[in-house]
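Descriptive analysis of the structure
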Protein chains: 2
Amino acid sequence: MKALEEKIVKEGAVLPGNILKVNSFLNHRIDAAFIMEMGEEIARLFYEDKPTLIFTIETSGIAIAMAAAVNLGIPLVFAKKHKSGNLSGDLYKTTVHSFTHGTDYTVVAEKNFINENDRVLIVDDFLANGKALEGLIDIVNQAGAVTVGAATAIEKGFQHGGDALREKGYKVCSLAIVDSMDDSGNITFRQQ
Amino acid sequence: MKALEEKIVKEGAVLPGNILKVNSFLNHRIDAAFIMEMGEEIARLFYEDKPTLIFTIETSGIAIAMAAAVNLGIPLVFAKKHKSGNLSGDLYKTTVHSFTHGTDYTVVAEKNFINENDRVLIVDDFLANGKALEGLIDIVNQAGAVTVGAATAIEKGFQHGGDALREKGYKVCSLAIVDSMDDSGNITFRQQ
């Protein structure tokens, strides 16, 4: 999505530790109109796969998942990273390793909200090593539902999580794929 | 908002500890089309106040804040409960007391994204004792911006946070106000 690549170049910043900071429009301040355009693009890419449910993970996936859900006319479920007081039902659980924090965390979703008839489109803001997406796919599998694919805003191609999932046969679409970036702020996008 | 009251009665559950569980459409599974209608109603209520920015707090406020932002044609910022690796700028900070968890937590937002020209509409999913809203108002004050009001989906009227803010002169609009609820699931809404 050309407009996203341009916005990353214009507003993004490369920080030490392979962090691409896009806080000004994607995951702290949210450019709501632009995120809705991204949701429209995700809907266009996955309309033919007939998803019945968007599945994301808190926190920064929620806005783009909402935009995709509105454009596809389907609900969304966001998985939670910790069991909170108002999750009282039976839960699906999985463990995700965070390279950023060097720890494992538990991800949960209520069993009520994903079932074997669902065709699930996973949506998230970033795709790096793919561990969060793998955790969400594990929950979809536990539910006996079908993963129709994954859509992410920005993929860090050089961390290979997206390509590993594609090699396993998943349809993974990222609106921008960063194949390289450096501390001087040079960013190379993959041609799509 | 009559449709919201009906949805709370139909899909909500009252759990011990004054928890009103609306996980099926508001804060775990999200009924995207319905949340957009709620955003439209918030836009109608606050259009005349000319907000320039929606301000919410992670996690479960993000979807309804997004819906309000889209309908008002303005961006949103969500405050974060913990300093994360990709918040690197100067931060506004405030402390919020959580009655649910019996602890204080720090809420932060980057200084870049709220400034003295902003007219800020605070949006959240729940309003109970009002401590989270007070924290967000504190950040708006630190920025020298104006709080034009607060919009929440569901207010627990019997916890008095909303009325305390109204007595201080804030415009606080909740789409449904629960004045009483009991463990048998009886819910009384305030006439608005």
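The notes below deal with the structure included here. In this numbering scheme, every chain counts its residues from 1 along its sequence in written order. Chain labels run from A onward and ligand labels from 1 onward, assigned in the order the entries are written. Totals for whole chains, interfaces and linings use all residues, but because this is a predicted model, local features are given only for residues with pLDDT of at least 70 and pairs of side-chain atoms are given and counted only at 80 or more. In computing side-chain properties, one takes all heavy atoms of the structure into account and sets aside hydrogens as well as water.

1. Quick look at the overall build of chain A
Working definition: helices are DSSP H or I runs of at least four residues, strands are E runs of at least two. Numbering for both runs from the N terminus. Within chain A, the regular secondary structure consists of five helices and 11 strands. The globule rule used for comparison is 2.2 Å times the number of residues to the exponent 0.38, while the radius of gyration itself is calculated over C-alpha atoms. Taking 192 residues into account, the globule formula puts the C-alpha radius of gyration at 16 Å, and chain A, at 16 Å, falls close to it. For chain A, the spread of C-alpha atoms along the principal axes amounts to about 50 × 35 × 35 Å. For chain A, the residues scored as buried account for 56% of the 192 residues in total. Pairs of residues are marked as contacts when any of their non-hydrogen atoms sit within 4.5 Å. A sequence separation of at least 24 residues applies to 59% of the contacts in chain A between residues at least 6 apart. For every accessible area listed, the method is Shrake-Rupley and the probe measures 1.4 Å; residues are considered covered only by the protein chains on display. A total accessible area of about 8,000 Å² is found for chain A, and carbon and sulfur atoms account for 46% of it. The convention is simple: Lys and Arg are positive, Asp and Glu are negative, and His and the chain ends are not counted. In plain terms, the charge of a residue is placed at NZ if it is Lys, CZ if Arg, CG if Asp and CD if Glu. Distance between charge centroids for chain A: 2 Å, based on 19 positive and 25 negative side chains. Working definition: with a 1.4 Å probe on protein chains only, accessible area under 20% of the residue-type maximum means buried, over 50% means exposed, and in between means partly exposed.

2. Observations regarding the interface of chain B and chain A
At the junction of the two partners, chain B supplies 36 residues and chain A supplies 36 residues. Buried area between chain B and chain A, summed over both chains or domains, comes out near 3,000 Å², and the portion from carbon and sulfur atoms is 67%. Whenever a carboxyl oxygen of Asp or Glu lies within 4 Å of a side-chain nitrogen of Lys or Arg, that contact is scored as a salt bridge. Our count for the chain B to chain A interface comes out at two salt bridges. The shortest N-O distance in the salt bridge between B:E110 and A:K21 comes to 3.3 Å. Think of a polar contact as two N or O atoms within 3.5 Å of one another; within protein, one of them needs to be a possible hydrogen donor and the other a possible acceptor, and neighboring residues in sequence only count if both atoms come from side chains. Remark: the boundary between chain B and chain A carries 14 residue pairs in polar contact (both at pLDDT 80 or more). Defined here as a combined quantity, buried area equals the accessible surface (1.4 Å probe) lost by two parts on assembly, summed across both.

3. Some details on the sheet that holds strand β8 (residues 119-127) of chain A
Pairing in this open sheet of seven strands is mixed, and the strands run β11(A)-β10(A)-β9(A)-β8(A)-β4(A)-β5(A)-β3(B) from one edge to the other. If you trace the sheet from one side to the other, it starts and ends with β11 (187-189) of chain A together with β3 (29-30) of chain B, each paired once. Pairing between strands is defined by DSSP: at least two bridges between them are needed.

4. Observations concerning the packing of aromatic side chains
All names here are of chain B. Centres within 6.5 Å make a pair out of two Phe, Tyr or Trp rings, where for Trp the six-membered ring is used; the pair is then stacked when the planes are under 30 degrees apart, edge-to-face when over 60, and tilted otherwise. In this structure the tally under the stated criterion is two aromatic pairs over all chains. Arranged with centres 6.1 Å apart and planes meeting at 85°, the rings of F25 and F34 form a pair that is edge-to-face. On the accessibility criterion, F25 (0% relative accessible area) is buried. Counted as over-ring charges are cases with an Arg CZ or a Lys NZ within 6 Å of the ring centre that also lie within 35 degrees of the ring normal. Taking the ring centre of F34 as reference, the NZ or CZ of K7 above it sits at 4.9 Å. Sitting over the ring of F46, K171 keeps its end group 4.5 Å from the ring centre.

5. Quick look at the packing of helix α3 (residues 62-72) of chain A against helix α2 (residues 32-46) of chain B
Orientation of α3(A) relative to α2(B), taken along the N-to-C sense of each, is 105°, at an axis distance of 9 Å. Accordingly, the angle class assigned to the pair α3(A) and α2(B) is roughly perpendicular. Where α3(A) approaches α2(B), its residues A:M66, A:A69 and A:V70 are matched on the opposing element by B:A32, B:I35 and B:M36. Classification convention: Asp, Glu, Lys, Arg as charged; Ala, Val, Leu, Ile, Met, Phe, Trp, Tyr, Cys, Pro as nonpolar; all other residues, Gly among them, as polar. Its residues placed into classes, the contact of α3(A) with α2(B) shows six nonpolar, no polar and no charged. Axis definition: a line fit to C-alpha positions, over the contact stretch in the case of helices; interaxial angles, taken between N-to-C directions, run 0 to 180 degrees. Here is the rule for angles: anything less than 35 degrees is roughly parallel, anything more than 145 is roughly antiparallel, 65 through 115 is roughly perpendicular, and the remaining ranges are oblique.

6. A word on helix α2 (residues 32-46) of chain A
For a helix, the expected span equals 1.5 Å multiplied by the residue count minus one. In a regular helix each residue adds 1.5 Å, so 15 residues correspond to 21 Å; α2(A) covers 21 Å between its end C-alpha atoms and thus fits that length. Within α2(A), burial applies to A:A32, A:F34, A:I35, A:M36, A:M38, A:G39, A:I42, A:A43 and A:F46.

7. A short note on the pairing of strand β5 (residues 76-79) of chain B
Working note: regular strand, side chains alternate between the two faces of the sheet. Burial along β5(B) is two-sided: the residues B:L76 and B:F78 and B:V77 and B:A79 are all buried. Two strands pair when backbone bridges link them, and strand β3 (residues 29-30) of chain A and β5(B) are joined in this way by two bridges, in the antiparallel orientation. Looking at the pairing, A:I30 lines up with B:L76 of β5(B). Judged from the four bridges that link them, strand β4 (residues 53-57) of chain B and β5(B) form a sheet pairing that is parallel. By the bridge assignment for β5(B), B:T56 is matched with B:F78. Taking the sense of rotation as the criterion, the β-α-β connection linking β4(B), helix α3 (residues 62-72) of chain B and β5(B) turns out right-handed. Clockwise travel from the first strand over the helix to the second, with the strands pointing away from the viewer, marks a crossover as right-handed.

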